[in-house]
Amino acid sequence: ILSGGKGSRLRPFTYTSAKQLVPIANKPVLFYAIEQLVECGIRDIAIVVGDTADQIRAAVGDGAAFGANVEYIEQDAPLGIAHAVKIARDFMGETPFVLYLGDNFLIGGVKSFVDRFRENEANCQILLHPVKNPEAFGIAEFVDGRLTRIVEKPSSPPSNLAVIGIYMFDRHVFEAVERMKPTARGELEITAVNAEYLRRGQLHMEMLGRG
Ligand code: G1P
């Protein structure tokens, strides 16, 4: 679970608190992510933390309250989602895993998607959801009903279908992140990783309910 970032787009709520601790129905959004992973039978969870590490640690602790073992991985600077994956390599070892952006929230949980990823023994699985502001997301392009490209924060979006921040990867993700170079915003982009799986025909996509 990624829990770094400054939360600049969520101000004023994030002047005093980490964005992942902003409550939804009286519960920090991050807690839903942990609970949803535990619901999938995932007990070993690493949380990648940045500037707000102390707040996140104080809120989640060792994970026992969630029935999980939680470890923390420090990301020295916000160098991108794919960079967070890179520094989690030792924790993950060879095991397929869920990458859950701690500011995302999925009504109904992720179990059905994780089950499908396991059943298919997929290499990579992404989830798509229609959004009103596609300029702010990784966006899927379809040609003749086939997913052809994913573009990060496009100024002219090819669709309104956003790649949401819950991804599943196999161990090949680590080779991809090692090869990557930072983009103009100084980050290793997860979209480039997904694009590599797509090129190899190893990207499985699930569509979330509309609305
Ligand atoms: C990140 C990803 C983007 C994805 C989004 C989902 O963007 O880069 O592809 O659609 O998460 O929340 P960020 O919010 O880090 O700018």
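Thresholds applied
Note that residues are indexed from 1 along each chain, following the sequence as it is written. Totals for whole chains, interfaces and linings use all residues, but because this is a predicted model, local features are given only for residues with pLDDT of at least 70 and pairs of side-chain atoms are given and counted only at 80 or more. The basis for the side-chain values is all heavy atoms of the structure; hydrogens and waters are excluded. By definition, any uninterrupted DSSP run of H or I lasting at least four residues is a helix, any uninterrupted run of E lasting at least two residues is a strand, and each is numbered from the N terminus. Only protein chains enter the accessibility calculation, which uses a 1.4 Å probe; a residue whose area is less than 20% of its type maximum is buried, one above 50% is exposed, and one in between is partly exposed. Nearness is judged by heavy atoms alone; a residue qualifies as near a molecule or strand once a single heavy atom is within 4 Å of it. Each polar contact in these results corresponds to two N or O atoms within 3.5 Å; when the atoms are within protein, one needs to be able to donate a hydrogen and the other to accept it, and residues that are neighboring in sequence are counted only if both atoms are side-chain atoms. Site definitions follow a grid-based scheme: protein atoms alone, a 1 Å grid, a 1.4 Å probe that fits but cannot get out for cavities, and for pockets an open set with protein on both sides within 12 Å along at least five of seven lines, plus lining residues having an atom within 4 Å of a point. What decides whether a molecule sits in a cavity or pocket is whether more than half of its atoms lie within 2 Å of the grid points. Amino acids outside the nonpolar list (Ala, Val, Leu, Ile, Met, Phe, Trp, Tyr, Cys, Pro) and the charged list (Asp, Glu, Lys, Arg) are all regarded as polar, and Gly is one of them. Grid points are joined across faces, edges and corners, and a volume is the space filled by probe spheres set on the points. The directions from the helix axis to the C-beta atoms are what the arc is built from. In this description, contact between two residues means that some pair of their heavy atoms is separated by no more than 4.5 Å. By nonpolar core we mean a set of buried residues, namely Ala, Val, Leu, Ile, Met, Phe, Trp, Tyr and Cys, connected to one another through side-chain atoms within 4.5 Å.

Enquirer: So what exactly am I meant to see when it comes to unusual backbone geometry here?
Expert: It is generally the case that most residues other than glycine have a negative phi and that most peptide bonds are trans. Cis geometry is adopted by the peptide bond preceding proline 12, which originates at arginine 11 and carries an omega value of 10°. Checked against the element boundaries, proline 12 lands in the loop between strand S1 (2–3) and strand S2 (23–24). The phi dihedral of alanine 25 falls on the positive side, at around 50°, and the residue is not glycine. Mapped onto the elements of the fold, alanine 25 is located in the loop between S2 and strand S3 (27–28). Despite not being glycine, asparagine 26 has its phi angle at roughly 70°, a positive value. Taking relative accessible area as the criterion, asparagine 26 reaches 79% and is therefore assigned exposed.

Enquirer: Any chance you could explain the site of the ligand here in plain terms?
Expert: Around the ligand lies a shell of 13 residues, among which Arg9, Gly138, Glu152, Lys153 and Val163 are the nearest. Contact between the ligand and glutamate 152: an oxygen atom at 2.6 Å from a side-chain N or O atom of the residue. Of the pockets mapped on this structure, the ligand occupies the largest pocket. In the shell around the ligand, the residues fall into 5 nonpolar, 4 polar and 4 charged.

Enquirer: Any chance you could explain empty space enclosed by the protein here in plain terms?
Expert: For the structure shown, the criterion picks out 1 cavity of 30 Å³ or more. Put simply, the largest cavity is a space of about 70 Å³. For the largest cavity, the full set of lining residues is Gly4, Gly5, Lys6, Gly50, Asp51, Gln75, Asp76, Ala77 and Pro78.

Enquirer: So what exactly am I meant to see when it comes to helix H5 (residues 111–120) here?
Expert: Regarding H5, the residues found buried are Phe113, Val114 and Phe117. Along the axis of H5, the buried positions cluster into a sector of 100°, meaning they face one direction only. Taken together, the buried residues of H5 touch strand S6 (97–100), strand S7 (124–130), strand S11 (166–169) and strand S12 (203–207). Residue glutamate 121 follows H5 closely and has a positive phi angle near 45°.

Enquirer: Just checking my understanding: could you explain the nonpolar core for this structure?
Expert: As a rule of thumb, soluble globular proteins bury nonpolar side chains together. Grouped together as the largest cluster of nonpolar side chains are 34 residues, with contacts concentrated most on Ile45, Ile47 and Val60. Contributing elements (two or more residues each) for this core: helix H1 (29–39), strand S4 (44–49), helix H2 (53–60), strand S5 (69–74), S6, H5 and S11. In terms of residue count, H1 provides more of this core than any other element does, 6 residues in total. Setting aside its immediate chain neighbours within four residues, isoleucine 47 contacts Ile1, Ser3, Ile34, Ile56, Val60, Val70, Glu71, Tyr72 and Ile73. Counting residues in each nonpolar core, the second largest holds 33 residues, with Ala84, Ala140, Leu161 and Ala176 among its members.

Any link to function would need more than the numbers given here.
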